[in-house]
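These are the residues of each chain, in order.
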Amino acid sequence: MVRPSLRFLSALLLAVAFLVPACSSPEPPAEPTKAIGDKTSVDPAAKPLAAVKALDQLAAGTTVSGTLTASDRTFIDKTYFDVWPYAGTAGEQVTFTLTSDDFDTYLIVRLLRSATLEDAVDVASDDDSAGNMNSTVTVTLPETGTYAVIANSVAPGAQGTYRLSAASNTPSTRPQVDSSGLQPIAVNSVVTGSLASGDRQLADGVFADLYTFDVQAGSLITTVVRSTEFDALLYIGRIVNGDIITLASDDDSGGGLDARAEWRVEEGGTYVIAATSVAAVTGNYITAVGITPPVDYAARYPTGGDPNGKYALLVGIDDYPGTGSDLPSSVDDVMVFRQMLVEQLGFPEENIRMITDQEAFRDHVITAFQRHLGQAGPNGAAVFYYSGHGTQLDENLGTDVETDGKDEAIYIWGNEFEGSVLVDEEIGALANRLATDRVLVVLDACHSGTGTRGAGGDFPIKEVNFADIKATTQIPLTVVSSKDAPAPDPNNVNNDIVNGPAGHLLLSAAASSEYALASSEVWPEVGRKASVFTYYLYRAMTELGTGATWEQIMEDVRPKTSNYSAAKDNSQTVQLEGQAGRMTVAEFFGL
């Protein structure tokens, strides 16, 4: 199916006259031209472009996150770079924007002729046009094909996180539609509508319902249109001087014939979504607009900490989108685990960051992982803790080959009306990118997809059946991958997480075929609720101390968790994976 182009309403063309005074003061001297390194060829020791995984795909209307690290490829000027393929169409006008709080960005767009960058054709490049050492280019693509959008830096050896976005601005052949009298839509709620013969019509007679909403700069707009009666199509636009300028559109990204699109708002104001169809038909649909507020990542997760320090990122979710998947103790788990880190392991409080409930959306968790835990150097340590639902997808989303063709994942937020996922492979890739070899991952969640969600009560199961949430789950368009990850170990159930340096360690609440229990019980030792695994882990750490090995800790936790869970008619066997299990807790954290 050919999708309509991205502008469906004509723009008001503004001519701006710049008046030059008859007498003007001398122009200030031009700033020195910044020296840009040699980007013409890849360092001979670097990996070929073919090493870029196919899932590292940039799409129009999306924003992706990445990190330049010492393991990335380099140009001949010794600057690191990442390549994001973009499938473009001849004549398409696209704006690419690269931003970073960690380094002076350099953005390059090339048309690929083969699997190597040396054979690519230069299309555009930029250093600082987006302001504050950020880069942006707007290009009209010369031909249909795959383009290499390259995230790079000006300075050799520069490392850090970045964001890369693509916005297609291709004009549409559909004529202007009156922007007056549009219906407002309640943000973060699902609205039922119907395309009918009395609706507004686009040029080819297709019916459309248009809705308005207000949003602040920096927010992420997420929209969906779903229908069982027609092939859905949607547009995100903005009202400018009475015209509606299209920013993003989509046909089938919502799954099946449903539509889903995202747009990062650069300027606050009134925006529009159009719920329509590919063909001139009528029928019922549902639509929703989710607004994810901006996060000041630089302020919340400053970098440059002590590389020898210990850092922890704790994520807990009780309040999930909708009401059917809520849990009673995950946020309390975060507080219990934080208490253990401070009291038993000597973590400085300022080195612990917590993300709970609605704040635990995919981009936030990934960026916090990279920025905060990324401060740990080779002699430091990093801890990632998660409490909430686990699930198993009905497909292999990542780049590894799962024996059952499916990926395990933790179930997190997408926005106010959708959930999202972070697959096990992605957690492993993020851990492998850290400079430290001492990485502890603790997951208090289920990873089985063979059962249904628990019926609730005081001890609900921390697993959701993906079939139950698939229609309202945001599946990521790109997957965080580690280009230098070693081959997976088929004998290791969770090899995606611990298949890295010997110091990586995984503690999980249940085997892959079992369920982990949450709890509404207030445990006297901690004075609050806690899930069964987290509670017994806290007790073992308190009673055995840091002189115990991780294996000894888990040998204490395992029977207590299993026995308690069995009394609740559940089988739960805690797991320890990774060679570091033989280390004492004190050795692992350098105490």
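No experiment lies behind these values; they were computed from the predicted model shown.

A. Just the nonpolar core, in detail. Membership of the largest hydrophobic core comes to 45 residues, with the highest contact counts inside it found for Phe337, Leu440, Leu507, Phe533, Leu537, Trp550 and Phe589. Secondary-structure elements contributing two or more residues to this core are strand 20 (310-316), helix 2 (330-345), strand 22 (381-387), strand 26 (439-444), strand 28 (505-508), helix 7 (532-544), helix 8 (550-567) and helix 9 (585-589). At 8 residues, the largest contribution of residues to this core is made by helix 7. When sequence neighbours within four positions are dropped, the list of residues in contact with tryptophan 550 reads Leu440, Leu505, Leu507, Met541, Leu576, Ala580, Gly581, Met583, Thr584, Val585, Phe588 and Phe589. Formed by 35 residues, the second largest nonpolar core is a distinct cluster that contains Tyr311, Leu430, Val439 and Ala445.

B. Seen up close, the packing of helix 7 against helix 8. At a closest axis distance of 9 Å, the pairing of helix 7 and helix 8 adopts a crossing angle of 135 degrees. Put simply, helix 7 runs oblique to helix 8. In the crossing of helix 7 with helix 8, the sense of the turn from one axis to the other is right-handed. Two secondary-structure elements touch here, helix 7 through Val532, Phe533, Tyr536, Leu537, Arg539, Ala540, Met541, Glu543 and Leu544 and helix 8 through Trp550, Gln552, Ile553, Met554, Asp556, Val557, Lys560, Thr561 and Tyr564.

C. Spotlight on the pairing of strand 11 (residues 190-195). Of the two faces of strand 11, only the one carrying Val191, Gly193 and Leu195 is buried; Val190, Thr192 and Ser194 on the other face are not. With 6 bridges joining them, strand 11 and strand 19 (residues 283-292) adopt antiparallel strand pairing. Residue pairing in the sheet places valine 191 in a bridge with threonine 287 of strand 19.

D. How the structure looks around unusual backbone geometry. Even without being glycine, aspartate 357 reaches a positive phi, approximately 50 degrees. Relative to the elements of secondary structure, aspartate 357 occurs in the loop between strand 21 (352-356) and helix 3 (362-372). Backbone geometry at aspartate 569 places phi at a positive 60 degrees, although glycine is not the residue there. Along the chain, aspartate 569 turns up in the loop between helix 8 and strand 31 (575-577). What makes aspartate 569 exposed here is its relative accessible area of 77%.

E. Structural detail: empty space enclosed by the protein. If you walk through the whole model with that rule in mind, you get 2 cavities of 30 Å³ or more. Approximately 40 Å³ is the volume found for the largest cavity. Lining the largest cavity are Phe337, Met340, Leu341, Leu345, Leu440, Val442, Leu507, Leu537, Met541 and Trp550. Within the residue set of the lining of the largest cavity, elements represented by two or more residues are helix 2, strand 26 and helix 7.

F. Inspection of the pairing of strand 22 at higher detail. The buried count for strand 22 comes to 7 of 7 residues, which makes it a mostly enclosed element. The alternating pattern of strand 22 places Ala381, Val383, Tyr385 and Ser387 on one face and Ala382, Phe384 and Tyr386 on the opposite face, and all of these are buried. As judged from the 7 bridges shared by strand 20 and strand 22, these two strands associate in the parallel manner. Opposite leucine 314, over in strand 22, you have tyrosine 385 as the bridge partner.

G. Representation of the sheet that holds strand 9 (residues 160-168). The 4 strands lie next to each other as 1-9-4-7, forming an open sheet whose pairing is antiparallel. The open sheet is flanked by strand 1 (62-68) and strand 7 (135-140), the only strands paired with a single partner. Direction aside, the axes of adjacent strands within the sheet are offset by 20 degrees on average. Sheet topology note: the strand 1/strand 9 ladder contains 7 bridges and is antiparallel.

H. Representation of the layout of surface pockets. The volume enclosed by the second largest pocket comes to roughly 1,000 Å³. Around the second largest pocket, the lining is made up of 43 residues, and of these Thr63, Thr99, Arg163, Arg264 and Glu266 lie nearest the centre. Residue assignment for the lining of the second largest pocket shows that the elements contributing at least two residues are strand 1, strand 4 (93-99), strand 9, strand 17 (259-264), helix 1 (297-300) and helix 3. Tallying contributions element by element places strand 9 first for the lining of the second largest pocket, with 7 residues. Residues that form the lining of the second largest pocket fall into these classes: 16 nonpolar, 19 polar and 8 charged.

I. A look at helix 8. For helix 8, built from 18 residues, the straight-helix expectation of 26 Å at 1.5 Å per residue is met to within 8% by its first-to-last C-alpha distance of 26 Å. Against the buried residues of helix 8 lie strand 26, strand 28, strand 29 (522-523), helix 7, strand 31 and helix 9. Phi turns positive, to about 60 degrees, at aspartate 569, one or two residues after helix 8.

J. Up close: the environment of valine 206. Position of valine 206 relative to the elements: it lies in the loop between strand 12 (200-201) and strand 13 (207-215). Separated by 71 residues in the primary sequence, valine 206 and serine 277 have C-alpha atoms spaced 6.8 Å apart.

K. The arrangement of the packing of aromatic side chains in detail. Considering all chains together, one arrives at 17 aromatic pairs under this definition. Taken together, Phe347, Trp550, Phe588 and Phe589 form an aromatic cluster joined through their ring pairs. One cation-aromatic arrangement involves lysine 310 over phenylalanine 347; the distance from NZ or CZ to the ring centre is 5.6 Å.

L. Expanded view of the sheet that holds strand 8 (residues 145-153). Read from one edge of the open sheet, 5 strands run 2-3-8-5-6, paired in antiparallel fashion. Since the sheet does not close on itself, it has two edges, and those belong to strand 2 (73-74) and strand 6 (121-126), each with one partner. Inspection of the sheet shows strand 2 paired to strand 3 (residues 80-88) by 2 bridges, in the antiparallel sense. Each bridged residue has a counterpart across the sheet, and for arginine 73 the counterpart in strand 3 is phenylalanine 81.

M. How the structure looks around the pattern of salt bridges. A complete count under the given rule lists 11 salt bridges for this structure. For arginine 528, the salt bridge identified is with aspartate 332, shortest N-O distance 2.9 Å. Linking arginine 528 in strand 30 (residues 528-529) with aspartate 332 in helix 2, this pair joins segments that are 196 residues apart in sequence. When salt bridges with common partners are traced through the structure, they connect Arg539, Glu543, Asp556 and Lys560 into a single cluster.

N. Focus on helix 2. Taking 1.5 Å of rise per residue, the 16 residues of helix 2 would be expected to cover 22 Å, and the 21 Å separating its terminal C-alpha atoms lies within 8% of that figure. Within helix 2 the residues assigned to the buried category are Ser330, Asp332, Asp333, Val334, Val336, Phe337, Met340, Leu341 and Leu345. Backbone geometry just downstream of helix 2 places glycine 346 in the positive-phi region, at approximately 70 degrees.

O. Region of the structure containing the packing of helix 2 against helix 7. It is the contact of helix 2 with helix 7, at a shortest axis distance of 10 Å, that shows an interaxial angle of 10 degrees. Considered as vectors, helix 2 and helix 7 are oriented roughly parallel to each other. Here Asp333, Val336, Phe337, Gln339, Met340, Glu343, Gln344 and Leu345 of helix 2 come into contact with helix 7, specifically with Thr534, Leu537, Tyr538, Met541 and Thr542. Considered class by class, the residues forming the contact of helix 2 with helix 7 number 7 nonpolar, 4 polar and 2 charged.

The rules behind the values
Residues numbered from 1 in each chain as written. Predicted model: local features only at pLDDT ≥ 70, side-chain atom pairs only at ≥ 80, totals over all residues. Heavy atoms only, no water. Core = buried A, V, L, I, M, F, W, Y, C linked by side-chain atoms within 4.5 Å. Buried < 20%, exposed > 50% of the residue type's maximum accessible area, 1.4 Å probe, protein only. Helix = DSSP H or I, 4+ residues; strand = E, 2+ residues; numbered from the N terminus. Contact = heavy atoms within 4.5 Å. Axes fitted to C-alpha atoms, helices over the stretch in contact; angles between N-to-C directions. Parallel < 35°, antiparallel > 145°, perpendicular 65-115°, else oblique. Left-handed = near helix turned anticlockwise from the far one by under 90°. Pairing = 2+ DSSP bridges. 1 Å grid on protein atoms, 1.4 Å probe; cavity = no way out; pocket = protein on both sides within 12 Å on 5 of 7 lines; lining within 4 Å. Points joined across faces, edges and corners; volume = space filled by probe spheres on them. Nonpolar A, V, L, I, M, F, W, Y, C, P; charged D, E, K, R; others polar. Expected span 1.5 Å × (residues − 1). Phe/Tyr/Trp six-rings, centres within 6.5 Å; stacked < 30°, edge-to-face > 60°. Lys NZ or Arg CZ within 6 Å of the ring centre and 35° of its normal. Salt bridge = Lys/Arg side-chain N within 4 Å of Asp/Glu carboxyl O.

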